[in-house]
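Structural overview for review
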Amino acid sequence: MIKVAFFDTKEYDRASFEQYNEDVGVSFKFLETKLTEDTADLAKGYDAVCVFVNDTVNAAVIDKLYGFGIKMIALRCAGYNNVDVKHAFGKIHIVHVPAYSPYAVAEHAMAMLLASVRRIHKAYNRTREFNFSLSGLTGFDFHGKTVGVIGAGKIGRIFIDICRGFGMHILVYDRYPADKDNEYVELDELFARSDIISIHCPLTDETRHMIDRNAITKMKKGVVIVNTSRGGLIDAEALLEGIKSRKIGAACLDVYEEEADVFFEDRSGHIMDDELLSRLISMPNVIVTSHQAFLTEEALNNIAETTVTNIKSCFENNGICNNELCYRCGNIEQCKKERKEKCF
Ligand code: NAI
């Protein structure tokens, strides 16, 4: 039996993972706490840990887990910016779920965008109060507008297809352009020409704060920004300034740089310490969802199935791990090849 300490458990994780418990040779201990340097001790006696987007997997945590004999860390998500993959190399195998439902995220991006531009969230609140006024609810047609997509990978490509269905013109910036059908442009041109900008690239040292004051200066007045990727891609202070100065027409945020201590939890009875987040949420043209884009039944089932397969492969397949984030060649982003041998 492979024993797995499962950090940051929510009730929807249990529902999808419990169906695999023990029958398939993997036993999960569901822990509500996030993985941090302080909570890493809870992993003592386990073979592996399973973590999500806001668990801390820095060098200190990796060293602790390695000391306890943990052999692998299974990310039940795609993004791995919270993991020091370089430090883990040679010590602990890191696996992730590269795709579970790109449709879930792309569709959520479009749902937020439609809600924001057509003021659906405001209309919903009004009609519940029998307020049938249309004042202030004017939106704009998507047809004929230009949408700039940053990162045309699995999610970005589906978002592009959805936008094509609306008759939008699409510009793409991607560090590693792959699809011949796209009109690729440099980032500055995308900023200058887009009515809507949707971000679908990973958070790396290079992309951190790619939307900052300087970038916002280059954008069209009234631009709508959608971020379902990672909060750190946007400098939230610069975004707030852009909104206050009326340069940014609207923002749809499923992620926020300082989300780790806030998102996924019910904070409704608490004073919000994060003033920047409070200010953003208080803006009439900002919609925030709490890292919800992945949350569909299909995605949760795929996450559980792939994670269990990843874990079993590492322990049972001569150590060749499915979906390993391998640091051996130094460039994880470009390391898409099928692995037929151990990473280390
Ligand atoms: P992917 O790896 O299929 O695509 C990422 C794309 O970004 C690739 O085409 C890549 O070439 C491009 N890229 C890499 N570095 C870049 C750079 N410096 N500048 C511009 N483009 C760059 O990843 P996928 O599955 O499409 O996911 C994208 C992101 O979505 C993930 O990194 C993750 O952060 C986020 N995500 C958010 C979820 C949510 O619930 N809000 C759920 C799943 C993923």
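In this text the structure is predicted, and so the values were computed from the model without any measurement.

About the cut-offs
- Residue indices begin from 1 for each chain and proceed along its sequence in written order.
- Whole-chain, interface and lining totals are the exception, using all residues; otherwise, since this is a predicted model, local features are given only for residues with pLDDT of at least 70 and side-chain atom pairs are given and counted only at 80 or more.
- Each side-chain value is derived from all of the structure's non-hydrogen atoms; neither hydrogens nor water enter the calculation.
- Helix and strand assignments come from DSSP, with helices taken as H or I runs of at least 4 residues and strands as E runs of at least 2, each series counted from the N terminus.
- Radius of gyration here uses only the C-alpha atoms, and the compact-globule reference equals 2.2 Å multiplied by the residue count raised to the power 0.38.
- Only protein chains enter the calculation, and the probe is 1.4 Å; a residue is then buried if its accessible area is under 20% of its type maximum, exposed if over 50%, and partly exposed in between.
- By definition in these notes, contact holds between two residues if any of their heavy atoms fall within 4.5 Å.
- Residue proximity to a molecule or strand is established when one non-hydrogen atom of the residue lies within 4 Å of it.
- Pairs of N or O atoms are called polar contacts if they sit within 3.5 Å, as long as, within protein, a hydrogen donor faces a hydrogen acceptor (for residues adjacent in sequence, only side-chain-to-side-chain pairs).
- All accessibility values rest on the Shrake-Rupley procedure with a 1.4 Å probe; residue burial counts only the protein chains present in the view.
- For this classification, the nonpolar set comprises Ala, Val, Leu, Ile, Met, Phe, Trp, Tyr, Cys and Pro, the charged set comprises Asp, Glu, Lys and Arg, and every other residue, Gly included, is treated as polar.
- Paired strands are those between which DSSP finds at least two bridges.
- Note on geometry: axes are lines fitted to C-alpha atoms, helical ones only across the stretch in contact, with angles between N-to-C directions running from 0 to 180 degrees.
- Whenever a carboxyl oxygen of Asp or Glu lies within 4 Å of a side-chain nitrogen of Lys or Arg, that contact is scored as a salt bridge.
- These domain limits were set by an automatic method or by a database of domain assignments.
- As a working definition, buried area equals the accessible area (1.4 Å probe) given up by two parts on being put together, with both sides summed.
- By nonpolar core is meant a set of buried Ala, Val, Leu, Ile, Met, Phe, Trp, Tyr and Cys residues that side-chain atoms within 4.5 Å join together.
- With its strands directed away from the observer, a crossover is right-handed exactly when the path from the first strand over the helix to the second travels clockwise.

**With respect to the overall build of the protein**
- Scanning the protein from terminus to terminus reveals 11 helices and 11 strands.
- Relative to the compact-globule value of 20 Å for 344 residues, the protein shows a C-alpha radius of gyration of 21 Å, a close match.
- Each of the three principal axes of the protein carries a C-alpha extent, and together these read 60 × 50 × 30 Å.
- The buried share of the protein, reckoned over its 344 residues, is 51%.

**Overview of the side chain of Ser-27**
- Note that Ser-27 resides in strand β2 (residues 26-30).
- Its relative accessible area of 13% is what places Ser-27 among the buried residues.
- Beyond its immediate stretch of four places on either side in the chain, Ser-27 contacts Met-1, Ile-2, Lys-3, Val-4, Asn-21 and Glu-22.

**A short note on the site of the ligand**
- Taken together, 25 residues surround the ligand, and among them Tyr-100, Lys-154, Ile-155, Asp-174 and Thr-228 come closest.
- The contact in question runs from an oxygen atom of the ligand to an N or O atom on the side chain of Asp-174, over 2.6 Å.
- Arg-230 places a polar side-chain atom, nitrogen or oxygen, 3.3 Å from an oxygen atom of the ligand.
- Taking 860 Å² as the accessible area of the ligand by itself, protein coverage stands at 92%.
- Residues belonging to the shell around the ligand are distributed by class as follows: 10 nonpolar, seven polar and eight charged.

**Side note on the sheet that holds strand β11 (residues 286-288)**
- Read across the sheet, six strands follow the order β7-β6-β8-β9-β10-β11 without closing on themselves; strand pairing throughout is parallel. Each edge of the open sheet carries a strand with a single partner, namely β7 (169-173) and β11. The sheet shows a mean angle of 15° between the axes of neighbouring strands, direction not considered.
- With respect to the sheet, helix α4 (residues 102-117) is in contact with β8 (196-199), β9 (223-227), β10 (248-253) and β11, its orientation differing from that of β10 by roughly 140°.

**Looking at the pattern of salt bridges**
- Applying the stated criterion across every chain, the model contains 17 salt bridges.
- Notably, a salt bridge pairs Lys-91 with Asp-63, separated by 3.7 Å at the nearest N-O pair. In this pair, Lys-91 is assigned in the loop between α3 (85-88) and β5 (93-95) and Asp-63 in helix α2 (residues 59-67), connecting sequence segments 28 residues apart.
- Assessed through its relative accessible area of 26%, Lys-91 is described here as partly exposed.

**Observations regarding the domain arrangement of the protein**
- On domain assignment, one finds that the protein holds domain 1 (2-100 + 297-339) and domain 2 (102-288).
- Using C-alpha coordinates to define each centre, domain 1 is positioned 30 Å away from domain 2.
- Contacts between the two partners involve 16 residues from domain 1, matched on the other side by 11 residues from domain 2.
- Here domain 1 packs against domain 2, burying approximately 1200 Å² in sum over the two surfaces, 56% of which is carbon and sulfur.
- Notably, a salt bridge pairs Lys-34 with Glu-265, separated by 3.9 Å at the nearest N-O pair.
- Our count for the domain 1 to domain 2 interface comes out at four residue pairs in polar contact (both at pLDDT 80 or more).
- Taken together, the residues of the side of domain 1 that touches domain 2 break down into seven nonpolar, five polar and four charged.

**Thoughts on the sheet that holds β5**
- If you walk across this open sheet you meet the five strands as β2-β1-β3-β4-β5, and the pairing is parallel. Both edges of this open sheet fall to β2 and β5, since each of them pairs with a single strand only. With strand direction ignored, the average angle separating the axes of adjacent strands in the sheet is 25°.
- Sheet strands in contact with helix α11 (residues 297-316) are β1 (2-6), β2, β3 (48-51), β4 (72-75) and β5, and its direction is about 160° off that of β4.

**Quick word on the nonpolar core**
- Membership of the largest hydrophobic core comes to 90 residues, with the highest contact counts inside it found for Leu-65, Ile-150 and Ile-211.
- With seven residues, the top contributor of residues to this core is α11.
- A domain split of this core shows at least three residues from each of domain 1 (2-100 + 297-339) and domain 2 (102-288).
- Not counting the four nearest positions on each side in its chain, Leu-65 is found in contact with Leu-35, Ala-40, Ala-43, Val-49, Ile-70, Ile-73 and Ile-92.
- Core analysis: the second largest hydrophobic core is formed by 24 residues, Leu-113, Phe-142, Val-149 and Phe-159 among them.

**Some details on the pairing of β1**
- Counting buried positions along β1 yields four of five residues, so the element is predominantly enclosed.
- Here β1 runs beside β2; their pairing, made up of five bridges, is parallel. Along β2, the bridge assignment pairs Ile-2 with Val-26.
- What joins β1 to β2 is helix α1 (residues 11-17), and the crossover it makes is right-handed.
- The pairing of β1 with β3 spans three bridges and is parallel. The partner of Val-4 across the bridge, within β3, is Ala-48.

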